[in-house]
Amino acid sequence: MGLELDYIFHPRSIAVAGASESPDKFGHTYFKNVLEHFSGPVYPINGRATEILGEKTYASVRDVPGPVDYVVSAVPNNAALDLVDDCVAKGVKALHFFTARFSETGSEEGAQMERDMLAKARAAGMRILGPNCMGLYYPKEGIAWGREFPWEYGNVGIISQSGGNAGEMISVGATRGLRYSKVISYGNALDLNEADLLEYLADDPETGLIGGYIEGVKDGRRFAKALGYASRRKPVVLLKGGRTRAGTNMASSHTGSLAGANEVWEAMCRQMGVVNAFSMEDLLDSMVAFARMPAATGVNLLVGGGTGGKGVMSADECEEAGLHLPQIPDSVRGELVDKDPFFGAWVTNPVDGSIMGGSKLTPHEVITLIARDPSYHVVINGVAPSVPSNGRRSRRPTRSSRMLEHTAAIASELGKPVALVIADHIPDNDKLLKASAELHRQCVKDGFAVFPTISRAARAIRRLVDYYRWREEAA
């Protein structure tokens, strides 16, 4: 359905119009990225410089000696129509406009320029991405707009009307283990729009999860159809901008979008099985759950790592998210009592490690034993950084590494979805700060879904469960 756009993502050659010698300019960054990572020919278009980063420049796209499939525009908007003419004459297949100040300004002149650009492109069969967008991040092909984006690729596909939000999804998501197939920032959606891109990612074999940020849609009926088509094939997690009057006004000035009624959006998401995120943190949490946890359809939860009042709050937060915390089955309680008659009788869900000092049992032994019971579908376990008690290097594993080892065993041996919680506060202790960073890095490296709080983990898990239940019913 959507793979007719695949040629856009696999150009034989790329030209950057407005390539710059200045490292502070987008025309420099994009050209440098593709020059260093893209496997095909890359051409800098600049009428003033003779070379950029050691590469000969060309005054116009028309002057490039070989074919050009994909062009990035970093030229001023008053040069946009001439660039379209040059690309049409050269037989360019796709033109990405980083260039802005068109319809999003609210001016009739800017809107007319867009209409003229589109008419010229359509007459020649050339596709336009944007304008007013960051374009493509496709690490497998060596295409990126960000200076520090990871080049390791994965299976998360993103569409975003906002380039800044797309960059945040990439950068922040990368610290939590997300890796991307394709990220598409599409701005004003003059030509290629959200429905086109959803349909493409739905059929893209490199994409297993679709996330996105949307302010408005061009065609509501077609968009709803594209959503349903995509969500029956893979999870779709979207954040809608412009849910309030203030947000709608901002959306109009940002990308020229008309944001629809929030009630209509929510109803459409429910009907189509789409995860409707309410913040950037919620969007990232949901994507982490879908990308790094197996499918789950049960809501019975076992929670470990809480102590005292924190455990009570955790229980409340999980129940409020729509998950259940069943108490310990009698058969499991009997095993715990056999191992430690006193403490085995006290164990609850959430598991309160604060009462287990001096016990023959460790909190992780308790969690592992309870998690084996089939009445528990999902596990959340809190882990905390630790350093050797004497403050020196030791060959003995730290408490946090032992906790991580036990949790990994639950995930691998029992085959149950497991989420880890590592508090995101910054310790006021250099050694503990280093240990916290290392623990987070190790958890991500080991493939865990990591969250900063139990409540955020619980909300993400509930979204995971709801989607896979919906898909079972829709099948």
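Residues numbered from 1 in each chain as written. Predicted model: local features only at pLDDT ≥ 70, side-chain atom pairs only at ≥ 80, totals over all residues. Heavy atoms only, no water.

With respect to the overall build of the protein
Next, step 1: When its secondary structure is counted, the protein shows 16 helices and 17 strands.
Next, step 2: For the protein, the spread of C-alpha atoms along the principal axes amounts to about 85 × 50 × 35 Å.
Next, step 3: When each of the 475 residues of the protein is scored for burial, the buried share is 55%.
Next, step 4: Of the contacts formed within the protein by residues at least 6 apart in sequence, a portion of 73% connects residues at least 24 apart.
Next, step 5: Surface accessibility of the protein: about 21,100 Å² in total, with carbon and sulfur atoms responsible for 50%. (Helix = DSSP H or I, 4+ residues; strand = E, 2+ residues; numbered from the N terminus. Buried < 20%, exposed > 50% of the residue type's maximum accessible area, 1.4 Å probe, protein only. Contact = heavy atoms within 4.5 Å. Areas by Shrake-Rupley, 256 points an atom, 1.4 Å probe, with all protein chains shown as cover.)

Considering the domain arrangement of the protein
Next, step 1: In terms of domain boundaries, the protein breaks down into domain 1 (1-131), domain 2 (133-292) and domain 3 (296-474).
Next, step 2: On the side of domain 2, 34 residues touch domain 1, which itself brings 37 residues to the contact.
Next, step 3: The interface formed by domain 1 and domain 2 includes one salt bridge.
Next, step 4: Across the salt bridge formed by Asp-191 and Arg-127, the nearest N and O atoms sit 2.9 Å from each other.
Next, step 5: A total of six residues in the side of domain 1 that touches domain 2 trace back to one element, the largest contributor, which is helix H1 (residues 26-37).
Next, step 6: Broken down by class, the residue content of the side of domain 1 that touches domain 2 amounts to 22 nonpolar, eight polar and seven charged. (Domains from an automatic or database assignment. Salt bridge = Lys/Arg side-chain N within 4 Å of Asp/Glu carboxyl O. Nonpolar A, V, L, I, M, F, W, Y, C, P; charged D, E, K, R; others polar.)

Some details on the sheet that holds strand E13 (residues 275-277)
Strand pairs in the sheet, formed through backbone hydrogen bonds, run parallel or antiparallel to each other.
Next, step 1: The six strands are arranged E8-E10-E9-E11-E12-E13 in an open sheet whose pairing can be described as mixed. Single-partner strands in this sheet number two, and they are strand E8 (135-137) and E13. Geometrically, the sheet is characterised by an average inter-axis angle of 20° between neighbouring strands, direction not taken into account.
Next, step 2: Sheet topology places strand E11 (residues 209-214) next to strand E12 (residues 236-240); five bridges connect them, and they run parallel. Bridge pairing in E12 places Ile-210 opposite Val-236.
Next, step 3: Helix H4 (residues 163-175) rests against E8, strand E9 (153-160), strand E10 (180-185) and E11 of the sheet, and its axis sits at about 160° to E10. (Pairing = 2+ DSSP bridges. Axes fitted to C-alpha atoms, helices over the stretch in contact; angles between N-to-C directions.)

Points about the pairing of strand E16 (residues 418-421)
Side chains on a regular strand alternate between the two faces of the sheet.
Next, step 1: The two faces of E16 match: Val-418 and Leu-420 on one face and Ala-419 and Val-421 on the other face are all buried.
Next, step 2: When strand E15 (residues 378-382) meets E16, the two strands line up parallel, connected through four bridges. Looking at the pairing, Val-379 lines up with Val-418 of E16.
Next, step 3: Where E16 and strand E17 (residues 449-451) come together, three bridges link them in parallel fashion. Along E17, the bridge assignment pairs Val-421 with Phe-451.
Next, step 4: On the question of chirality, the crossover connecting E16 to the parallel E17 by way of helix H15 (residues 430-445) is right-handed. (Right-handed = clockwise from strand over helix to strand, strands pointing away.)

Here we look at the packing of helix H9 (residues 280-292) against helix H16 (residues 454-474)
Next, step 1: Running from N to C, H9 and H16 cross one another at 60°; their axes reach a closest spacing of 9 Å. In this view, H9 runs oblique relative to H16, as classed from their interaxial angle. The handedness of the crossing between H9 and H16 comes out as right-handed. On H16, the residues touching Glu-281, Asp-282, Asp-285, Ser-286, Ala-289 and Phe-290 of H9 are Arg-456, Ala-460, Arg-463, Leu-464, Tyr-467 and Tyr-468.
Next, step 2: For the contact of H9 with H16, the residue count by class is six nonpolar, one polar and five charged. (Parallel < 35°, antiparallel > 145°, perpendicular 65-115°, else oblique. Left-handed = near helix turned anticlockwise from the far one by under 90°.)

Observations regarding the nonpolar core
Next, step 1: Core analysis: the biggest nonpolar cluster contains 99 residues, and Tyr-30, Tyr-70, Trp-145, Leu-198, Leu-227, Met-287 and Ile-380 have the highest contact counts within it.
Next, step 2: By residue number, the principal contributor to this core is H16, which donates ten residues.
Next, step 3: In this structure Leu-227 touches Leu-198, Val-236, Leu-238, Met-268, Met-272 and Val-274, once residues within four positions along its chain are discounted.
Next, step 4: Residues Val-351, Met-356, Val-366 and Ile-410 belong to the second largest nonpolar core, which totals 26 residues. (Core = buried A, V, L, I, M, F, W, Y, C linked by side-chain atoms within 4.5 Å.)

Description of the sheet that holds E17
Next, step 1: One open sheet accounts for four strands, arranged E14-E15-E16-E17; its pairing is parallel. Looking at strand neighbours, the two that pair on one side only are strand E14 (301-304) and E17, the edges of this open sheet. The average undirected angle you get between the axes of adjacent strands in this sheet is 20°.
Next, step 2: Of the strands in this sheet, E14, E15, E16 and E17 are in contact with H16, which crosses E15 at around 160°.

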